[in-house]
Amino acid sequence: MSILDVQHIEKHFGATRVLEDISFSLEQGQVLSIIGSSGSGKTTLLRCLNFLERPDAGTIAVRGQTIFDAADMKAQTESQIRANRLHFGLVFQSFNLFPQYTALENVILARQLLAKSQKTGESNEAIVQEGKALLDQMGLSDRMDNYPHQLSGGQQQRVAIARALAMKPDILCFDEPTSALDPELTGEVLKVIRGLARKHTTMIIVTHEMAFARDVADHVIFMDGGVIVEQGAPADVIDNPREERTRQFLSRFSQDN
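Residues numbered from 1 in each chain as written. Predicted model: local features only at pLDDT ≥ 70, side-chain atom pairs only at ≥ 80, totals over all residues. Heavy atoms only, no water.

With that settled, the discussion passes to the nonpolar core. One recurring pattern in soluble globular proteins is that nonpolar side chains are buried together. Ranked by internal contacts, the top residues of the largest apolar core, which has 38 residues, are Leu-135, Ile-161, Phe-174 and Met-203. Excluding its chain neighbours within four sequence positions, the residues that come into contact with Met-203 are Leu-26, Gln-30, Val-31, Leu-32, Leu-172, Phe-174, Ile-193, Leu-196 and Ala-197. Counting 29 residues, the second largest nonpolar core, distinct from the first, contains Ile-22, Phe-24, Ile-171 and Ile-221. (Core = buried A, V, L, I, M, F, W, Y, C linked by side-chain atoms within 4.5 Å. Buried < 20%, exposed > 50% of the residue type's maximum accessible area, 1.4 Å probe, protein only. Contact = heavy atoms within 4.5 Å.)

If you want it as structure tokens, here you go:
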């Protein structure tokens, strides 16, 4: 059974159709890379999966359970949408850390609020210890008490990854995780994501790093104009694309091939 099944997702902003008939599935432990030019709908798709935007059509199922059906949108309360959002962790390209909190506080805050609001019984001590373990996993054990302005861009992004992992999502989503980084800091973030892939973390990664997508992904989707032009194994989509539009896009990254 697929961990994620997306069927016929559409999203409009006024008269502009941003996503049209988007369908794909993802197995447990797989990595999906989504590639395409700016404005092709990649980020909007991630926002729809995380319910930061509500699709106008289509369904989303996690572990065989439909958590969103646009045809029944009125029946979905805000509390249900918030609960559904917990299936997904989203790492933003601009980090979005709280500047007034330390690295550790940024990682554990949402988990603490969840434990309090839903009375999960999870102790604050356990949450703090897990937050420390996640930062250690990110190579930031010596930066736990630093504030965001005291961290490099790469370090901030690794804190953001730890924060997303702290919520134990079924699927971890990345929106251009290296686009806000200087080139010399990109490698440290990609190394962390490769490590997560080796641990069979289920991920969806929007990226312009073609060599990275080929290396880490089990499945690649190429989007253009709000539609899926081509999808398949990296060896097929990136190395041997069938569609002319895919070949045109990838010709800009010939140095990575």
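Having seen it, we continue.
Let's shift gears to the packing of helix 3 (residues 103-118) against helix 5 (residues 153-166). Contact pair helix 3 / helix 5: the axes reach a minimum separation of 8 Å and the direction vectors enclose 25°. Judged on the interaxial angle alone, helix 5 and helix 3 are roughly parallel. Crossing geometry of helix 3 relative to helix 5 is assigned as right-handed. In this structure, helix 3 uses Ala-103, Asn-106, Val-107 and Arg-111 to contact helix 5, whose residues at the interface are Val-159, Ala-162, Arg-163 and Ala-166. Tallied by class, the residues present in the contact of helix 3 with helix 5 amount to five nonpolar, one polar and two charged. (Axes fitted to C-alpha atoms, helices over the stretch in contact; angles between N-to-C directions. Helix = DSSP H or I, 4+ residues; strand = E, 2+ residues; numbered from the N terminus. Parallel < 35°, antiparallel > 145°, perpendicular 65-115°, else oblique. Left-handed = near helix turned anticlockwise from the far one by under 90°. Nonpolar A, V, L, I, M, F, W, Y, C, P; charged D, E, K, R; others polar.)

Tracing the sequence through the fold places Thr-207 in the loop between strand 8 (203-206) and helix 7 (210-216). By relative accessible area, Thr-207 is classed as buried at 1%. In terms of polar contacts, Thr-207 uses its side chain to reach the backbone amide nitrogen of Glu-209, at 2.9 Å. Residues in contact with Thr-207, not counting those within four places in the same chain, are Ser-33, Ile-34, Ile-35, Glu-176, Phe-212 and Ala-213. (Polar contact = N/O pair within 3.5 Å; in protein donor to acceptor, adjacent residues only side chain to side chain.)

Any two packed helices are characterised by the angle at which their axes cross and by the distance between the axes. With their axes 9 Å apart at the nearest point, helix 3 and helix 4 (residues 124-137) run at an angle of 140° to one another. In terms of orientation, helix 3 and helix 4 fall into the oblique class. Once helix 3 is placed against helix 4, the crossing between them reads as right-handed. For the pair formed by helix 3 and helix 4, the contact residues are Ala-103, Leu-104, Val-107, Ile-108, Arg-111, Gln-112 and Ala-115 on the first element and Asn-124, Ile-127, Val-128, Glu-130, Gly-131, Lys-132 and Leu-135 on the second. Across the contact of helix 3 with helix 4, the residue classes break down as eight nonpolar, three polar and three charged.

What follows covers the sheet that holds strand 4 (residues 57-62). Spatially, four strands are ordered 2-1-4-5 in an open sheet, and the strand pairing comes out antiparallel. Single-partner strands in this sheet number two, and they are strand 2 (16-26) and strand 5 (65-69). On average, each strand axis in the sheet is inclined to that of its neighbour by 20°, with strand direction left out of account. Contacting strand 1 (4-13), strand 2 and strand 4, helix 1 (residues 42-49) crosses the sheet at an angle of about 65° to strand 2. (Pairing = 2+ DSSP bridges.)

What follows deals with the pattern of salt bridges. The tally for this structure, following the rule as stated, stands at 13 salt bridges. We note a salt bridge from Arg-17 to Glu-20, for which the minimum N-O separation is 3.4 Å. Judged by relative accessible area, which is 33%, Glu-20 ranks as partly exposed. The network of salt bridges with common partners includes Arg-111, Glu-122, Glu-130 and Lys-168. (Salt bridge = Lys/Arg side-chain N within 4 Å of Asp/Glu carboxyl O.)

Moving on: the sheet that holds strand 6 (residues 88-91). Strand order in this open sheet of six strands is 6-7-8-3-9-10, and the pairing throughout is mixed. Strands at the two margins of the open sheet, each flanked by one partner only, are strand 6 and strand 10 (227-232). Pairs of neighbouring strands in the sheet enclose a mean axial angle of 20°, with direction left out of account. Strand direction decides the pairing type here: strand 7 (residues 171-175) and strand 8, joined by four bridges, are parallel. Bridging from a neighbouring strand, Leu-172 pairs with Met-203 of strand 8. The strands touched by helix 5 within the sheet are strand 6 and strand 7, with strand 6 carrying the most contacts at an inclination of about 170°. Seen against the sheet, helix 6 (residues 183-198) touches strand 3 (31-35), strand 7 and strand 8 and runs at an angle of roughly 150° to strand 8.

Once that is clear, we can look at the side chain of Asn-146. Along the chain, Asn-146 turns up in the loop between helix 4 and helix 5. Relative accessible area serves as the criterion here: at 17%, Asn-146 is assigned to the buried category. Those residues in contact with Asn-146 that sit more than four places away from it in its chain are Thr-102, Ala-103 and Leu-151.

This part covers the pairing of strand 7. By the criterion of burial, strand 7 is predominantly enclosed, with five of the five residues buried. A two-sided burial pattern is seen for strand 7, the buried positions comprising Ile-171, Cys-173 and Asp-175 on one face and Leu-172 and Phe-174 on the other. Between strand 7 and its parallel partner strand 8, the chain crosses via helix 6, and the hand of that crossover is right-handed. (Right-handed = clockwise from strand over helix to strand, strands pointing away.)

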